[in-house]
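Next come the chains, spelled out residue by residue.
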Amino acid sequence: MTSRGPGEDHLKAGQLGTADLTASTVANIGPGIDFYFAFGVIAVTAGVAAPLTILAGGLAVVLIAFTVAEFTKAEPSAGSFITYVESSLGARAGVVTALLVAVGYTVAIAGVFTMSGGMLALTIAHYTSWHPLWGPLTLVLTVGAIWLTARGVKLSTTAVGVAVLVQVAIMLLVCVVVIVDRRAHLSAIPFSWSHLTGGLRGLSAGFPLALYMFIGWENGPALAEEVRDPKRTVPRALYMSIAIGAALFVFFAYATVTGFHYDVASIGRSSVPFLTVADHYLGGWAVLAWIAGIVSVLATLVSGANSQARMLFDGGRSGLLPAWFARLRPKLETPVNALLGMGGVGLGIIAVWWLFHVIGAAKGSTDPVGLYAECSTMGTIVILFVYLLTTLALPVFMWRRHRSSFSPLRHVGIPVLGALTLIVPFVELFKPGQPAPYAEFPYIAVAILLAAIAIAFVTVRRHPTTGSGEGTTFTES
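Residues numbered from 1 in each chain as written. Predicted model: local features only at pLDDT ≥ 70, side-chain atom pairs only at ≥ 80, totals over all residues. Heavy atoms only, no water.

1. Some thoughts on empty space enclosed by the protein
Enumeration over the complete set of coordinates arrives at 1 cavity of 30 Å³ or more. The volume enclosed by the largest cavity comes to roughly 170 Å³. Surrounding the largest cavity, 17 residues form its lining, N28, V112, I215, T300 and Q308 being those nearest its centre. Mapped by element, the contributors of at least two residues to the lining of the largest cavity are α1 (18-29), α2 (33-46), α5 (91-127) and α13 (287-318). Of the residues in the lining of the largest cavity, the class split is 9 nonpolar, 6 polar and 2 charged. (1 Å grid on protein atoms, 1.4 Å probe; cavity = no way out; pocket = protein on both sides within 12 Å on 5 of 7 lines; lining within 4 Å. Points joined across faces, edges and corners; volume = space filled by probe spheres on them. Helix = DSSP H or I, 4+ residues; strand = E, 2+ residues; numbered from the N terminus. Nonpolar A, V, L, I, M, F, W, Y, C, P; charged D, E, K, R; others polar.)

So this is what it looks like as structure tokens:
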């Protein structure tokens, strides 16, 4: 466990307000990158009424976010999931959660690293005869993003806020152009249950991807230590960002389906449906939509690195993860080691994946979109375990530590509903008949969970004080 000197293991408080946190969280949700590369599959599985699947995913996220918000109102912590599970269910559960967070989010952000260079390479190839290698571009852009986050949360969050405004403005422009052009053919079909492919079955099939589109909503709680009045600011930004993300996703989905004349088969044949719509309706100005995609990836990379590094930092600070993660950069007080560790492992995942394809150990091309999809899926499955542990932890946490504020509805009923919504993605992801390598991912995730449990028992047995500092509140400025 790390030693705690005065001010040596605390992030700089009071740097961010509600607007900063909301912008950062919306960027982490990724209204551009997630919609560009996920909506086509959702539309194919759910049909014309794909927006209903997105609404269902948003509702599930609200239930889980409510659980995290209740934790934050009581005891804000940069450790987020790690802190809350450990302080509720004990050190072993805390170590398990810390390891799942480290693996799940690092694998997921490796996909974002991939698309930072991948999206730029795709854009260049689309508008020129040059087909650059995406790997070197990914390396340069990822290193640049990590450098920016290391410069301080205020600077990086401000940059992310500008990037969010740019990407959203461009995407809204595309949607407005499409809707105006198709105004004589607008319909409520995309919101009709009867137009879901297979009804509830179609909704369930697209639900895991819809849920994935919202991942990043948990950005705010990890920045709690650097926020002004976190007990109010974090929950407020949490709900605002999810509402903004849901509204944008639904509007983008409606415009895209409308732009394709409600033809799901055509959407399925398009690699990036939103860009296909932009190319068709905006002509040369569609380059703006491609640029918005690049901006969105970079914003997601920076905001995701910020929040994930802080969870790793807190895990190292409390002894639930190696103490090396707890080192802060002097003066700027940023978790530099956590950033470097996450960045190095993420880039390493990309390098190993590329090498496996080169030597023939893995099938398929080295298409960045393919690696993005694989990392996103694998990371999401692991993260779902974290969500489940968090919903189970809230009732115990409130009963043990804040019994005077305990509410059966808020602290048992709603978390149980949140846990129940996770059954659907688990069932869909474990369903037989998935193509390789997706068929193996659920079992790899279970193996990671079992390994984390084994490591947790060994760690706590050897170091009984592991995590004893978790759950302590920090001093607010």
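Right, picking up where we left off after that structure.
2. Structural notes on unusual backbone geometry
Put simply, A436 and P437 share a cis peptide bond, and its omega is 0°. Locating P437 in the fold gives a position in the loop between α17 (423-430) and α18 (441-462). Despite not being glycine, H261 shows a phi value in the positive range, around 60°. Positionally, H261 belongs in the loop between α10 (230-259) and α11 (264-269). The exposure class assigned to H261 is partly exposed, which follows from its relative accessible area of 45%. In this structure, Y262 takes a positive phi of about 60° despite not being glycine. (Buried < 20%, exposed > 50% of the residue type's maximum accessible area, 1.4 Å probe, protein only.)

3. Considerations on the environment of K12
Relative to the assigned elements, K12 resides in the segment before α1. Here K12 falls in the partly exposed class, since its relative accessible area comes to 41%. Other than its neighbours up to four places away in sequence, K12 contacts E225, E226 and E333. (Contact = heavy atoms within 4.5 Å.)

4. Observations regarding the layout of surface pockets
Taken as a whole, the largest pocket encloses approximately 820 Å³ of empty space. At the level of elements, α2, α8 (200-213), α11, α15 (368-401), α17 and α18 are the ones that each hand at least two residues to the lining of the largest pocket. With 10 residues, α2 is the single largest residue contributor to the lining of the largest pocket. Considered class by class, the residues forming the lining of the largest pocket number 22 nonpolar, 9 polar and 3 charged. Taken as a whole, the second largest pocket spans an internal volume of roughly 600 Å³. Every residue lining the second largest pocket is counted, 23 residues in all, and those nearest its centre are W353, L371, E374, P437 and F441. Counting residues per element, the lining of the second largest pocket draws most heavily on α15, at 6 residues. Of the residues that constitute the lining of the second largest pocket, the class distribution is 18 nonpolar, 2 polar and 3 charged.

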